[in-house]
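For reference, the chains in residue letters:
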Amino acid sequence: MDTNLSTNCSAAVLTNSFLIHILGSLGVVSVTTCIFALSWLFYLKLYRQFLYRLAAYQVLASLLHALLGVCQFSFLEYDDSKYTACAAVGYLFLVAGWMKTCFGCWVTFHLFCFAILLKNMRKLEPLYVISSILFPMVISSIPLITKSYGPSGEWCLIQRKKCGKNYVIGNIEHIAVWYGPAFVILVLQCIAMLTMIITVYYRAHRKSGENVFGRDQNNVAFRQLLPLVAYPVLFCILIVPPLIARVYGFASSTPNEGLLILLAICLPLWSFTAGLALIVHIGALKCTEIMRIVLPMVRAKITEEPVNESFQRDITADKDGARSSTYFSIPSEN
């Protein structure tokens, strides 16, 4: 059987130029956001801190995902000569999505061990990185075996149709290889993150002195934990519309144009929100540092004596009683 698409298949049913324009245009915005976030992180040398490196791994995967979305512009006018390139982009597109998901899982795992089990799993960083590269490559290879990558009807990914006919294997692989397990993983992530927030908050604010950490330590841990919650939670929210679109497309012979547009918007938003979350995370850190410096200075100015002035009190008496006069004297430069 010819694994390529038949030459008499209409290009109009292989790729959708309108959806590709949405995907690619938003992809450009996402790429810019991720590059800015990573540049800021490296400029401030925050990569030396382990938790920021975990966040940076996710943004790097998001950057790759957004770049591959921009590459879909190459297939606005699809023909059979572009089949191999389209299949390659589709494969890498799925790999990048899984890489982002895997790094999100490891962020959740690390924070869970830190907040609940009271263990720092920083030594597992090489495992985090290697597994988040190899596993996506392996699971994304399943459609390679069935030769399902190619024009999916919207852009290059797992094919759902071949020559205008439903491709059952491709539809199943869409759910089984990507949307199904990714959604289950991300729901579990959200549950784990909620459990961690409640646990750390409880330890930080309960009145009894039986907590394992000191109160100040828990407050620091809680502040560090909150920004990292955004990565898996936002990803979990944004994967719901694509999942609905794919399930609807599998169940119906006629795809819903509105759901497909929502799909084209949500895919690059995965990358955009990851970059934006890192920017907000760094911005909050810098604002906190500034406030730590400024607030004591403001309090000192309000409540204490000026540094360059000496306060003197001269008490004089008159015949009717005692009277106090107060004045400021500027000290000499000597």
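Enquirer: Would you explain helix α8 (residues 257-303) in this entry?
Expert: Every α-helical turn comprises 3.6 residues, leaving residues that sit three or four positions apart pointing alike. Its 47 residues give α8 an end-to-end C-alpha distance of 64 Å, which sits within 8% of 69 Å, the value for a rise of 1.5 Å per residue. The largest bend in α8 comes to about 35°, at Leu-269.

Enquirer: It is not clear to me how the nonpolar core should be interpreted in this structure. Could you clarify?
Expert: Nonpolar side chains tend to gather and get buried jointly when the protein is soluble and globular. Core analysis: the biggest nonpolar cluster contains 69 residues, and Leu-94, Trp-155, Trp-178, Tyr-179, Leu-267, Trp-270 and Leu-278 have the highest contact counts within it. The set of elements that each furnish at least two residues to this core consists of α1 (17-43), α2 (50-71), α3 (83-115), α4 (125-139), β2 (156-158), α6 (168-205), α7 (215-251) and α8. With 14 residues, α3 is the largest single contributor of residues to this core. Aside from chain neighbours lying at most four places away, what touches Trp-178 is Leu-94, Gly-97, Trp-98, Thr-101, Glu-173, Phe-235 and Trp-270.

Enquirer: I keep staring at a nonpolar patch on the surface and nothing clicks. Help me out?
Expert: A grouping of Ile-290, Ile-293, Val-294, Met-297, Val-298 and Ile-302 is seen on the molecular surface, where their side chains present a nonpolar patch of about 590 Å² in accessible area. Structurally, Ile-290 is set in helix α8. When its relative accessible area of 49% is taken as the criterion, Ile-290 is described as partly exposed.

Enquirer: I'm lost on the environment of Thr-84 in this one. Help?
Expert: By secondary structure assignment, the location of Thr-84 is in helix α3. Sequence-wise, Thr-84 and Tyr-149 are 65 residues apart; in three dimensions their C-alpha atoms are separated by 8.9 Å.

Enquirer: Honestly, unusual backbone geometry in this entry has me stumped. Any pointers?
Expert: Non-glycine residue Lys-45 carries a positive phi angle of around 60°. Summarising the element assignment, Lys-45 is placed in the loop between α1 and α2. Its relative accessible area of 43% is what places Lys-45 among the partly exposed residues.

Enquirer: Even after reading the chapter, I still don't get the packing of α3 against α4, so can you show me in this structure?
Expert: What describes two packed helices is the angle between their axes and the distance between those same axes. Relative to each other, α3 and α4 sit at 145°, their axes nearing to 8 Å. As for how α3 packs across α4, the hand of that crossing is right-handed. Of the residues in α4, those in contact with Tyr-91, Val-95, Trp-98, Met-99, Cys-102, Phe-103, Trp-106, Phe-109 and His-110 of α3 are Leu-127, Tyr-128, Val-129, Ser-131, Ser-132, Ile-133, Phe-135, Pro-136, Met-137 and Ile-139. Partitioning the contact of α3 with α4 into residue classes produces 16 nonpolar, three polar and no charged.

Enquirer: What am I meant to see in the packing of aromatic side chains here?
Expert: Centre-to-centre distance and the angle between the planes together describe a pair of aromatic rings. One pass over the structure, following the stated rule, counts 11 aromatic pairs. Aromatic side chains Trp-106 and Tyr-128 sit 4.7 Å apart centroid to centroid with 25° between the ring planes, which places their arrangement in the stacked category. Remark: Tyr-128 occurs in helix α4 and Trp-106 occurs in helix α3; sequence separation between them is 22 residues. For the pair Trp-106 and Tyr-128, one class covers both residues: buried. Taken together, Phe-50, Trp-106, Phe-109 and Tyr-128 form an aromatic cluster joined through their ring pairs.

Enquirer: Just to check I follow, could you spell out the side chain of Ser-62 for this structure?
Expert: Structurally, Ser-62 can be placed in helix α2. Owing to a relative accessible area of 0%, Ser-62 belongs among the buried residues under this scheme. Here Ser-62 is in contact with Cys-34, Lys-100, Trp-270, Ser-271 and Ala-274, once residues within four sequence places are set aside.

Cut-offs used in this document
- Residues numbered from 1 in each chain as written.
- Predicted model: local features only at pLDDT ≥ 70, side-chain atom pairs only at ≥ 80, totals over all residues.
- Heavy atoms only, no water.
- Helix = DSSP H or I, 4+ residues; strand = E, 2+ residues; numbered from the N terminus.
- Expected span 1.5 Å × (residues − 1).
- Bend = angle between axes of the 7 residues up to and from the residue.
- Core = buried A, V, L, I, M, F, W, Y, C linked by side-chain atoms within 4.5 Å.
- Buried < 20%, exposed > 50% of the residue type's maximum accessible area, 1.4 Å probe, protein only.
- Contact = heavy atoms within 4.5 Å.
- Patch = residues over 30% accessible without salt bridge, like charges linked within 9 Å, V, L, I, M, F, W, Y side chains within 5 Å.
- Areas by Shrake-Rupley, 256 points an atom, 1.4 Å probe, with all protein chains shown as cover.
- Salt bridge = Lys/Arg side-chain N within 4 Å of Asp/Glu carboxyl O.
- Axes fitted to C-alpha atoms, helices over the stretch in contact; angles between N-to-C directions.
- Left-handed = near helix turned anticlockwise from the far one by under 90°.
- Nonpolar A, V, L, I, M, F, W, Y, C, P; charged D, E, K, R; others polar.
- Phe/Tyr/Trp six-rings, centres within 6.5 Å; stacked < 30°, edge-to-face > 60°.

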